[in-house]
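Analysis of the macromolecular model
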Amino acid sequence: MGRITRFSREPADLAGARRLAGQAALPGMVNAHSHAFHRVLRGRAEQRPRPDRDTAMPWREVHDQALQRLTAEDVFDSARMAFLEMLLGGITCVAEFHYLHHQPDGSPAADPNRYSREILRAAHDVGVRIALLKVAYARGDFGGDAASAPPRARTSSTDQFVRECEQLRTFVESEYPADEAWLGVAAHSLGAVPLPIFREIGGYAHSRRLRLHAHVSASAAENAACVAEYGRTPIALLAEHGLIDKRFTAVGAIHLAEDEIKLMGAARASVCVCPVSERSHGFGTAPVEELLAAGAGIALGTDRQVQGGLLENARLLEYELRSRVPTRPGGTDPAAAWWHAATVAGARSLGATTGALEVGRPADFFTVNLFDPALAGAAPENLLAAIVLGLERRAIREVWVGARPIITGGRHAFQGPIVGRFADLQKRLWGPAGP
Ligand SMILES: [Zn+2]
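Now for a quick tour of the structure.

Calculation rules
- Residues numbered from 1 in each chain as written.
- Predicted model: local features only at pLDDT ≥ 70, side-chain atom pairs only at ≥ 80, totals over all residues.
- Heavy atoms only, no water.
- Helix = DSSP H or I, 4+ residues; strand = E, 2+ residues; numbered from the N terminus.
- Rg over C-alpha atoms; globule rule 2.2 N^0.38 Å.
- Buried < 20%, exposed > 50% of the residue type's maximum accessible area, 1.4 Å probe, protein only.
- Contact = heavy atoms within 4.5 Å.
- Areas by Shrake-Rupley, 256 points an atom, 1.4 Å probe, with all protein chains shown as cover.
- Lys, Arg positive; Asp, Glu negative; His and termini not counted.
- Salt bridge = Lys/Arg side-chain N within 4 Å of Asp/Glu carboxyl O.
- Polar contact = N/O pair within 3.5 Å; in protein donor to acceptor, adjacent residues only side chain to side chain.
- Phe/Tyr/Trp six-rings, centres within 6.5 Å; stacked < 30°, edge-to-face > 60°.
- Lys NZ or Arg CZ within 6 Å of the ring centre and 35° of its normal.
- Pairing = 2+ DSSP bridges.
- Axes fitted to C-alpha atoms, helices over the stretch in contact; angles between N-to-C directions.
- Expected span 1.5 Å × (residues − 1).
- Patch = residues over 30% accessible without salt bridge, like charges linked within 9 Å, V, L, I, M, F, W, Y side chains within 5 Å.
- Charge placed at Lys NZ, Arg CZ, Asp CG, Glu CD.
- Parallel < 35°, antiparallel > 145°, perpendicular 65-115°, else oblique.
- Left-handed = near helix turned anticlockwise from the far one by under 90°.
- Donors = N, O, S within 2.8 Å, 3.2 Å for Na, K, Ca; no water.
- Tetrahedral: all angles 85-135°; square planar, octahedral: opposite > 155°, others 65-115°.
- Core = buried A, V, L, I, M, F, W, Y, C linked by side-chain atoms within 4.5 Å.

1. Structural notes on the overall build of the protein
When helices and strands are tallied, the protein shows 15 helices and 13 strands. Taken over the C-alpha trace, the protein has a radius of gyration of 21 Å; the compact-globule value for 435 residues is 22 Å, and the two agree within 12%. With respect to the three principal axes, the spread of C-alpha positions in the protein is 65 × 55 × 45 Å. Buried residues in the protein amount to 56% of all 435 residues. Here the analysis covers contacts within the protein between residues at least 6 apart in sequence; of these, 76% occur between residues at least 24 apart. Carbon and sulfur atoms make up 54% of the accessible area of the protein, which totals about 18,200 Å².

The following block contains the structure:
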């Protein structure tokens, strides 16, 4: 259901067609890395990093406060808000890197997948496809013990984690169509998941043919700590243990050595870059062109929801690369390259069937108003470049997922209540009457 059966100019088909006058349709975009609940943090810790502190520090303090407060209902409301914003921006499929597993005080919920189910419910309610990546988080950082992991995210044992994944997989498969919601797994990072546990989780993902994602090499300090513990940088270490393959996505991957780029390419693995989020922490940018040249896929993600769009990420990435001239290899069509990242490569990273308008694939697409001031006058040959580099969200008129209209006339049917409940949540969380 909801798949593209044919493209047609036959008079009988045209007679029954719904015309989208003055609009162009494009495949729905795929957000390959999201932490939905981070939407509650937007605008609350935006300070320039100080050289004498962890660059993510002011943000992390607010993050930890939210982590101690959000109820299951709050997780649902914040996820609906994040997913609604994504849909309004033309995103029809998201990978949710979900690490909020326990109750606010850190004690286990009666159903260990309670919070995962809230995320799934939010995605279903709003109408976005989702790869739910259940995240293992076994310690705070390199060298730490189990007690150093954030209590709400803590993985008590690998066996327990795998058991919960299996329960969740069964639940997802029984409750949702296979292309609407599916399970993947993630190791938060090598700092948060020691190698033996990472290997077991990777083995589980491999046995079930599930996607495996992990934050990797966000900073030089992370690489140094990994070398200190294991004698190798993260990608080299994971490759040595057979954990890098076509179902693996490294999120970030900013500090890669040349041989690591080759390893990622040879394995046809994916890298998900989140330039807005990464740059907002003062981090650099992954060697994306070198990775593409080596054969790796490049996907895009919104990560911590500083803003909710993928094209903003594509633009930041492209202009960062231009600032590196003349070291940048020539010949790339940037609009085509980053559009591919926002669609086909994202779908590949998630194992989604979306990302292209082709017979047999889901009818997931969005339309843009060609007479919007941001796009007016674009010719067919430069329309994609105008969209990738110049589209304003206002120009997005309709978003369809599985041949169902989810956004019509630039609005979601439940937009009022979703935004209203989120605004109430923010008042409760951060207002004077809050905790
Ligand atoms: Zn992330």
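From this point, the discussion proceeds with the structure in view.
2. Digging into the side chain of Glu-260
Along the chain, the position of Glu-260 falls in helix H9 (residues 258-266). Buried charge without a salt bridge: Glu-260, with Arg-232 as the nearest opposite-charge side chain at an N-O distance of 8.9 Å. For Glu-260, the side chain forms a polar contact with the main-chain nitrogen of Ile-235, separated by 3.1 Å. Not counting residues within four places of it along the chain, the set of residues in contact with Glu-260 comprises Thr-233, Pro-234, Ile-235, Ala-236 and His-255.

3. A few points about the packing of aromatic side chains
Counted according to the given criterion, the structure contains five aromatic pairs. Arranged with centres 6.4 Å apart and planes meeting at 80°, the rings of Phe-171 and Tyr-176 form a pair that is edge-to-face. With relative accessibility at 13%, the residue Tyr-176 sits in the buried group. Members of the aromatic cluster, joined through ring pairs, are Phe-37, Tyr-99 and Tyr-137. The lysine or arginine in question, Arg-121, covers the ring of Phe-76, its NZ or CZ lying 3.8 Å from the ring centre.

4. Section: the sheet that holds strand E9 (residues 297-300)
Here eight strands make up an open sheet; going across it, the order is E2-E3-E4-E5-E6-E7-E8-E9 and the pairing parallel. Both edges of this open sheet fall to strand E2 (29-34) and E9, since each of them pairs with a single strand only. Strand-to-strand twist of the sheet, defined as the mean angle between neighbouring strand axes without regard to direction, takes the value 25°. Summarising the sheet, E2 and strand E3 (residues 91-98) pair through four bridges and their orientation is parallel. The residue of E3 that forms the bridge with Asn-31 is Val-94.

5. Overview of helix H12 (residues 311-322)
Over its 12 residues, H12 extends 16 Å from the first C-alpha to the last, a length consistent with the 16 Å expected when each residue adds 1.5 Å. For H12, the set of buried residues is Leu-311, Asn-313, Ala-314, Arg-315, Leu-317, Glu-318, Glu-320 and Leu-321.

6. Re a positive patch on the surface
A grouping of Arg-209, Lys-246, Arg-268 and Arg-348 is seen on the molecular surface, where their side chains present a positively charged patch. Along the chain, Arg-209 falls in the loop between helix H6 (195-208) and strand E6 (212-216).

7. Some details on the pairing of strand E12 (residues 404-408)
Taken together, the three bridges between strand E11 (residues 396-401) and E12 define a ladder with antiparallel strand orientation. Bridging across to E12, Val-401 finds its partner in Arg-404. Turn length for the E11-E12 hairpin, with the two strands adjacent in sequence and antiparallel, is two residues, and the turn residue Gly-402 shows positive phi of about 60°. Counted between consecutive antiparallel strands, the loop separating E12 from strand E13 (residues 411-412) contains two residues, among which Gly-409 sits at a positive phi close to 60°.

8. Quick look at the sheet that holds strand E1 (residues 23-27)
Across the sheet, five strands lie side by side as E1-E10-E11-E12-E13; this open sheet has antiparallel pairing. Only two strands of the sheet have a single neighbouring strand rather than two, namely E1 and E13. As judged from the two bridges shared by E12 and E13, these two strands associate in the antiparallel manner. Across the sheet, Ile-407 pairs through a bridge with His-412, a residue of E13.

9. A short note on the environment of Asp-125
Position of Asp-125 relative to the elements: it lies in helix H4 (residues 114-126). For the pair Asp-125 and Phe-414, spaced 289 residues apart in sequence, the C-alpha to C-alpha distance is 9.2 Å. For Asp-125, the side chain forms a polar contact with the side chain of Arg-80, separated by 2.7 Å.

10. A short note on the packing of H12 against helix H13 (residues 334-350)
Packing of H12 against H13 leaves a shortest axis separation of 10 Å and a crossing angle of 135°. Overall, the two elements H12 and H13 adopt an arrangement that is oblique. Helix-helix and strand crossings are classified by hand; for H12 and H13 the assignment is right-handed. Contact residues: Leu-311, Ala-314, Leu-317, Glu-318, Leu-321 and Arg-322 in H12; Pro-334, Trp-338 and Trp-339 in H13.

11. Regarding the coordination of the zinc ion
Bound to the zinc ion on the protein side are His-33 (NE2), His-35 (NE2), His-215 (NE2) and Asp-303 (OD), at distances that span 2.1 to 2.2 Å. Around the zinc ion, the four donor atoms sit at angles spanning 86 to 164°, and that spread fits a shape best called irregular. For the zinc ion, all donor residues lie on one chain, and their spacing in sequence is H-x1-H-x179-H-x87-D.

12. Considering unusual backbone geometry
Positioned with a positive phi, Arg-209 is a non-glycine residue whose angle comes to about 55°. Phi is positive for Arg-268, close to 55°, though the residue is something other than glycine. Examined against the element boundaries, Arg-268 turns out to sit in the loop between H9 and strand E8 (270-273).

13. Notes on the nonpolar core
The biggest cluster of nonpolar side chains holds 136 residues, and the ones touching the most others in it are Phe-83, Phe-248 and Met-264. With 11 residues, helix H3 (residues 72-88) is the single largest residue contributor to this core. In this view, Met-264 contacts Ile-235, Ile-244, Phe-248, Ala-250, Ala-269, Ser-270, Val-271, Leu-291 and Ala-296; residues no more than four positions away in its chain are not counted.

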